[in-house]
Amino acid sequence: MTKSAGIKDLRKVSQEEIGGFLKEIGEKPFRAKQIKEWIWKKSAKSIDEMTNLSLKTREILKEHFVINPVTVDKEQKSSDGTIKSAMKLHDDHVVESVLIPADNRMTACVSSQVGCSLSCKFCATGYMDRARNLDASEIYDQVVAVHNQAKDNFDQPLSNIVYMGMGEPLLNYANVLESIKHITSPEGLNMSPKRITVSTAGIAKMIKKLADDQVKFNLALSLHAANDEKRNQIMPINETNTLNVLREALQYFYQKTGNKITFEYILFYDFNDSEQDAQELYEFWKRVPARINIIEYNPISEASYKNADENTLDNFMNYLTKRGVNVHVRRSRGKDIDAACGQLANKN
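The shown structure was predicted, so the numbers you read here are calculated from the model rather than taken from an experiment.

What counts as what
- Residues numbered from 1 in each chain as written.
- Predicted model: local features only at pLDDT ≥ 70, side-chain atom pairs only at ≥ 80, totals over all residues.
- Heavy atoms only, no water.
- Phe/Tyr/Trp six-rings, centres within 6.5 Å; stacked < 30°, edge-to-face > 60°.
- Lys NZ or Arg CZ within 6 Å of the ring centre and 35° of its normal.
- Axes fitted to C-alpha atoms, helices over the stretch in contact; angles between N-to-C directions.
- Helix = DSSP H or I, 4+ residues; strand = E, 2+ residues; numbered from the N terminus.
- Parallel < 35°, antiparallel > 145°, perpendicular 65-115°, else oblique.
- Contact = heavy atoms within 4.5 Å.
- Nonpolar A, V, L, I, M, F, W, Y, C, P; charged D, E, K, R; others polar.
- UniProt positions renumbered as here; feature names shortened; annotations may be inferred.

A. Layout of the packing of aromatic side chains. Summed over the entire model, instances satisfying the criterion amount to 11 aromatic pairs. Here the aromatic cluster, defined as three or more aromatic residues joined through ring pairs, consists of F122, F268, F271, Y297 and Y305. One Lys or Arg, K208, reaches over the ring of Y252 and ends 5.9 Å from the middle of that ring. The ring of Y319 carries the charged tip of R323 above its face, separated from the ring centre by 3.6 Å.

B. Fine view of the packing of helix α6 (residues 204-212) against helix α8 (residues 243-257). Close contact between α6 and α8 brings their axes to 8 Å; oriented N to C, the two are set at 5°. The orientation of α6 relative to α8 falls into the category roughly parallel. Where α6 approaches α8, its residues A204, I207, K208, L210, A211 and D212 are matched on the opposing element by V245, L246, E248, A249, L250, Y252, F253, K256 and T257. Tallied by class, residues from the contact of α6 with α8 come to 10 nonpolar, 1 polar and 4 charged.

C. Region of the structure containing the UniProt feature "binding site: [4Fe-4S] cluster" (unreviewed entry) in the chain. Per the UniProt annotation, the sites labelled "binding site: [4Fe-4S] cluster" (unreviewed entry) are C116, C120 and C123. Among the secondary structure elements, C116 is positioned in the loop between β7 (113-114) and β8 (132-133). If we skip the residues at most four places from it in the chain, C116 touches T125, M128, D129, R130, G167 and E168. Looking at the element boundaries, C123 is found in the loop between β7 and β8.

Dropping the structure here:
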């Protein structure tokens, strides 16, 4: 359902404004709190669901407000249990979200933009144009939908959220933080911010803004190369956000928040997988308290990069672990349905 002219999105209206509207129509202002509870705690997809409001009040509300829910348009299940969903927005744009099941956790990977503002050479989303940013409610709806999938398919609730889907979260700053507010608030989904990780390709000034805003969630940097020349080749954002600039921003973030930082590092064959690359990564790590995830590369049709072989991976890992680095290999999930890291591109 597309928004009609003059009809407001109920999820973008403040509780005070709703209270004022209710007063105008002769309804008790405390109903505003009930409405907000229906929206953010009970995840109502329509005004009709708000059954503790009178039918008359609901009808009047529908004349002035609308809820535009995100709907699961298509669902694909991987042989490893991963579920990828094409999520349809009210204006017919589509983003992808992923449920990643594991023995001790259920993780939702959510999108923050339709397409992407950046053009990382190894990422399928980077080859798409950015159509628009997602609203806070559209990010929230992805979380609710993936939570429901976890309950329906594995009889477990969602335990973790990663903002690692389509788009650059820090270029949709206000909506990303607003969505996290509703996800973590006791008046919302009441999830712990420590179970949320926001991933960025490296927007230094926005990393500093996260620090100034005293966010409680974790931060991940898509690093993938620890020297500027190589990083420029695969991540053009590095040309204006160099490693020195990023290092300073990350140090500032950690000093201000004390929150976990993770470096994500895809090991590409014959590009960033040598001992010298490992040494450069180690030198970068020494300046910023972080853990490192070595990520398996997931091939895409738009690029010719290849995965490093297992022997090279072992040597790379050994170099880091011998020097006290907290490093782990993160194996890809959902590759057979293009749901793995870097593969989201609405192909279906």
